[in-house]
Amino acid sequence: MMNKVFDIGKFDLDVTLRDSALDPECRPTKRLLANASLGVEPFDAYYSARELYETLEGVFEGLPNAKKRLTQVLSCQCDDYQRCLYYVLAGRGVVQMLEDLEWLLSILAPRLKTSAELLRSGERPWPMINPYVAAAPDGVVPARNAPFTEGPSWYLDPGLGGIVGDG
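Keep in mind it's a predicted model, so treat the numbers as computed, not measured. (Residues numbered from 1 in each chain as written. Predicted model: local features only at pLDDT ≥ 70, side-chain atom pairs only at ≥ 80, totals over all residues. Heavy atoms only, no water.)

## Topic: the packing of helix α5 (residues 81–89) against helix α6 (residues 94–120)
Where we set the bar: Axis geometry follows a simple rule: fit a line to the C-alpha atoms, using only the stretch in contact for helices, then measure angles between N-to-C directions, giving values from 0 to 180 degrees. By the criteria applied, helices consist of DSSP H or I runs no shorter than four residues and strands consist of E runs no shorter than two, each listed in order from the N terminus. If an angle is under 35 degrees, it is roughly parallel; if it is over 145, roughly antiparallel; if it lies from 65 to 115, roughly perpendicular; otherwise it is oblique. Helix crossings get a hand from a simple test, with the near helix turned counterclockwise from the far one by less than a right angle marking a left-handed crossing and a clockwise turn marking a right-handed one. Contacts were defined at the residue level, with two residues in contact if any of their heavy atoms lie within 4.5 Å. Nonpolar residues are Ala, Val, Leu, Ile, Met, Phe, Trp, Tyr, Cys and Pro. Charged residues are Asp, Glu, Lys and Arg, and all others, Gly as well, are polar.
Between α5 and α6, the shortest axis-to-axis distance is 9 Å and the interhelical angle comes to 135°. When the axes of α5 and α6 are compared, the pair comes out oblique. With respect to the hand of their crossing, α5 and α6 are arranged in right-handed fashion. Here Tyr81, Leu85, Tyr86 and Leu89 of α5 lie close against α6, whose contacting residues are Met97, Asp100, Leu101, Leu104 and Leu108. Counted by class, the contact of α5 with α6 contains eight nonpolar, no polar and one charged residues.

So, in structure tokens, the structure goes:
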């Protein structure tokens, strides 16, 4: 039997994000996160989402300095990607926020790995157009005020029908 080699062209690293962004079975916030991540460089997307996830998890668990870290993340003078992810989820309930970010990370991690494998092999993925036109914030950035008070979305979760940690 003869093996045939097919030239499939450049690999589109955003294909899973595109599919998820259009999937009617996905929760709207997940579709928004997928759309927000299209075109974002794989390393930056994964580590930005992971940092945000770990920071939100720290605030939820009441870890020392977690609130300070969240204010640093949201007031960073880099592009608006992390703030975009946060504000897509803000107020949805902390459990849903964490679940949705964990879901996004499950897409971004293999995307990052595939990107690295392509680059190591000398291949280039399909060109991505960065949706962020500047490396600096484009508008108002929250103040670094660490002693903020968490609102109801940190202890009431609409998806769980009550108080987080209750029963």
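## Details of the confidence of the model for the protein chain
Rule in force here: The predictor rates its confidence in each residue with pLDDT, a number between 0 and 100.
Summing up the model confidence of the protein chain, the mean pLDDT is 84 and the portion of residues at 70 or higher is 79%. Within the protein chain, helix α2 (residues 28–37) carries the highest mean pLDDT (97), whereas strand β2 (residues 162–163) carries the lowest (52).

## Looking at the pattern of salt bridges
Heads up, the condition is: Salt-bridge detection follows one rule: a side-chain nitrogen of Lys or Arg within 4 Å of a carboxyl oxygen of Asp or Glu. Exposed residues in this analysis have more than 50% of their type's maximum accessible area, buried residues have under 20%, and partly exposed residues fall in between, with area computed by a 1.4 Å probe over protein chains only.
Tallied over the entire structure, the rule returns seven salt bridges. The closest approach of N and O atoms between Asp14 and Arg111, which form a salt bridge, is 2.7 Å. Here Arg111 lies in helix α6 and Asp14 lies in the segment before α1 (15–22), a separation of 97 residues in the sequence. Residue Asp14 is classed as buried on the basis of its relative accessible area of 3%. For Asp100, the salt bridge identified is with Arg27, shortest N-O distance 2.6 Å. Taken together, the residues span a long stretch of sequence, with Asp100 in helix α6 and Arg27 in the loop between α1 and α2 at a distance of 73 residues. Through salt bridges with shared partners, a single network forms among Arg27, Glu99 and Asp100.

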